[in-house]
Amino acid sequence: MEIVTGAVTTGENFYPGRVVYIEELNRRLALTDLLLLGPRRTGKTSLIKEYLLRQSENKGGSFPYLYMNLEDTKGLYQFYFRLIRELLAVTDKLKLLKDKSAEFIANTCNFLNQLVAGKVTLKPDLLDTEVESEIEIRIPRFEKKTIDQLQNHLAKILFEIQIPIVIVLDEFPELILKFPAAERKELTKTLMSCARAIRQKTKFDDKKNHKIIIAGSINLRNTLDSLGLADTINDLEELAIPHLKPSDSFELFNLLGVSENFQFESGTNEHKFIETQFGYCAPYYIQLFADRLRTIRRNQTVTKFTLAHIHSAYRALILGDRGPNYFLKRIDKSDYYAQEQREAIRNILSNIAHNQFEEHRSTCDHDIAQLVKDPLQRHHLLSKLLADDMIQIVNGGQYGFYSQLICNFWHSALNGGGYIYAPK
């Protein structure tokens, strides 16, 4: 396996310990549509891409699918335009509309340009450029009539496709959080109706309708429940992708180390270090740690790593911009947390990190109540932190971090404390 940081890992770089989830995804998707959940950086996108790759290889490279990452999609209009555009690109490439492909695409381009004349610029046309540069959203507010027309045209395209297609909507909850708070429920309801429309029976029999995979690192069920719309995904089969267990973390690190010929001085006990610091961790951080060690070896012409080298690589991971610092940046994003919530959230995370790192214990409700007096506000903040996987429930109802690495990050960032955990 090669060290890959920040990109999906498929093929020879796909972690073998995750193959069981490929098999489970395939089994469940054969029966129904899927809701794929898991904390950030646990490898959901790599899992999806590896599944799609294997299906294409099994079917001679003609497996029809559409993958869309919605993290950078700014609103409902752009979502529909992207979905229609990319759906037409797939159907055109694989000739899924038979002889009507060119005509259908031309008609769709004309329809979209007429529909949003003066509001949206498609440049230069619908299929020749990347989505990010082809669509400029200039519609100032939600117009239901326009969305209805877009959805009707989408349904027409889906009906005309000759064989079943798998549609993947990755980072789906991210789009919901971008909706203005005052319109979020109405816009989300419309978005979910689109997801249902994709899943409706078309001209195929019951076993051959189009399939959809909805994925996200933010808990979609909790997000929809807060809007009173949880029933819109009750019929989706849920598959949760967990963090790596300590033994899996070391196995992944070892596989990366083999490809780089990592060698360690006797007595470094890298096995114990990885399992302690990276247990229940996202695969991304192990990749990043291995990359830091590789950099040390190249810059310092090291042949064998000492404990000092290991600590140096770990410190760079904890304190660097590419690691858990993402979570700190997330607190300051208005899409996630309102201005008046941020200080309380920092205090909660600081307290939980201190208790886990310094006192080797989880945090109880009484601890949090000392920080946030109002019970309704406290419940709301804790529910959101749990839904966003910023904290977890541990030890029968108390709060903590599954990953010691994340705890170490918060303790260092918010408390100015140590970054290497030393268990008792």
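Not measured: the values here are computed from a predicted model. (Residues numbered from 1 in each chain as written. Predicted model: local features only at pLDDT ≥ 70, side-chain atom pairs only at ≥ 80, totals over all residues. Heavy atoms only, no water.)

For any pair of aromatic rings, the description rests on two quantities: the centre-to-centre distance and the angle between the ring planes. Summed over all chains, the structure comprises 17 aromatic pairs. Plain terms: the ring middles of Phe 273 and Phe 289 are 6.2 Å apart, the flat faces sit at 25° to each other, and that makes the pair stacked. In this pair, Phe 273 sits in helix 11 (residues 270-278) while Phe 289 sits in helix 12 (residues 283-300), placing the two residues 16 residues apart along the sequence. As far as burial versus exposure is concerned, Phe 273 and Phe 289 are alike and both buried. These aromatic residues form a ring-pair network of at least three members: Phe 253, Phe 262, Phe 264, Phe 273, Phe 278, Phe 289, Phe 305 and Tyr 314. The lysine or arginine in question, Arg 41, covers the ring of Tyr 284, its NZ or CZ lying 3.8 Å from the ring centre. The positively charged end of Lys 49 is found above the aromatic ring belonging to Tyr 67, 4.4 Å away from the centroid. (Phe/Tyr/Trp six-rings, centres within 6.5 Å; stacked < 30°, edge-to-face > 60°. Helix = DSSP H or I, 4+ residues; strand = E, 2+ residues; numbered from the N terminus. Buried < 20%, exposed > 50% of the residue type's maximum accessible area, 1.4 Å probe, protein only. Lys NZ or Arg CZ within 6 Å of the ring centre and 35° of its normal.)

Among the nonpolar cores identified, the biggest contains 60 residues, and Phe 253, Phe 278, Tyr 285, Phe 289, Phe 401, Leu 405 and Trp 410 are the most heavily contacted of them. Breaking this core down by element, the ones donating at least two residues are helix 10 (246-260), helix 11, helix 12, helix 13 (307-319), helix 14 (325-331), helix 15 (339-358), helix 17 (375-387) and helix 18 (404-415). Leaving out residues up to four positions away in the same chain, Phe 289 has contacts with Phe 253, Phe 273, Ile 274, Phe 278, Ile 310, Ala 313, Tyr 314 and Leu 317. Phe 79, Leu 112, Leu 154 and Ile 165 belong to the second-largest nonpolar core, a separate cluster that totals 50 residues. (Core = buried A, V, L, I, M, F, W, Y, C linked by side-chain atoms within 4.5 Å. Contact = heavy atoms within 4.5 Å.)

Attention now moves to the confidence of the model for the protein. Chain-level pLDDT for the protein is 86 on average; 91% of the residues reach the 70-or-more range. Per-element averaging of pLDDT across the protein places helix 5 (residues 131-134) at the bottom with 44 and strand 9 (residues 398-400) at the top with 96. Here residues 129-134 scores under 50 on pLDDT; set against residues more than four positions off or in separate chains, the count is 16 contacts. (pLDDT = per-residue confidence, 0-100.)

Attention now moves to unusual backbone geometry. Even without being a glycine, Asn 261 presents a positive backbone phi close to 55°. Summarising the element assignment, Asn 261 is placed in the loop between helix 10 and helix 11. For Asn 261, a relative accessible area of 52% corresponds to the exposed category. Notably, Asn 269 is not glycine yet its phi reads approximately 55°, a positive angle. For Asn 269, the position within the fold is in the loop between helix 10 and helix 11. The exposure class of Asn 269 is partly exposed, given its relative accessible area of 42%.

Within this structure, the stated rule accounts for 16 salt bridges. For Arg 28, the salt bridge goes to Glu 237, with nearest N and O atoms at 3.4 Å. Highlighted residues: Arg 28 in helix 1 (residues 19-29) and Glu 237 in strand 7 (residues 237-240), separated in sequence by 209 residues. A residue is classified by how much of its surface remains accessible, and Arg 28, at 16% relative accessible area, is buried. Residue classification places Glu 237 among the partly exposed residues on the basis of a relative accessible area of 32%. When salt bridges that share partners are traced, they join Glu 260, Asp 291, Arg 294, Arg 297 and Arg 322 into one network. (Salt bridge = Lys/Arg side-chain N within 4 Å of Asp/Glu carboxyl O.)

All right, on to the sheet that holds strand 5 (residues 166-170) then. The five strands lie next to each other as 2-5-6-1-7, forming an open sheet whose pairing is parallel. The sheet is open, and its two borders are formed by strand 2 (65-69) and strand 7, each paired with just one other strand. Within the sheet, the average angular offset between the axes of one strand and its neighbour, ignoring direction, is 15°. Pairing of strand 1 (residues 34-37) with strand 6 (residues 211-216) involves four bridges; the strand directions are parallel. Within strand 6, the position partnered with Leu 34 by the bridge is Ile 213. Sheet contacts for helix 1: strand 1, strand 5, strand 6 and strand 7; angle to strand 7, the most-contacted strand, approximately 175°. Contacting strand 2 and strand 5, helix 3 (residues 76-94) runs over the sheet at an angle of about 150° to strand 2. (Pairing = 2+ DSSP bridges. Axes fitted to C-alpha atoms, helices over the stretch in contact; angles between N-to-C directions.)

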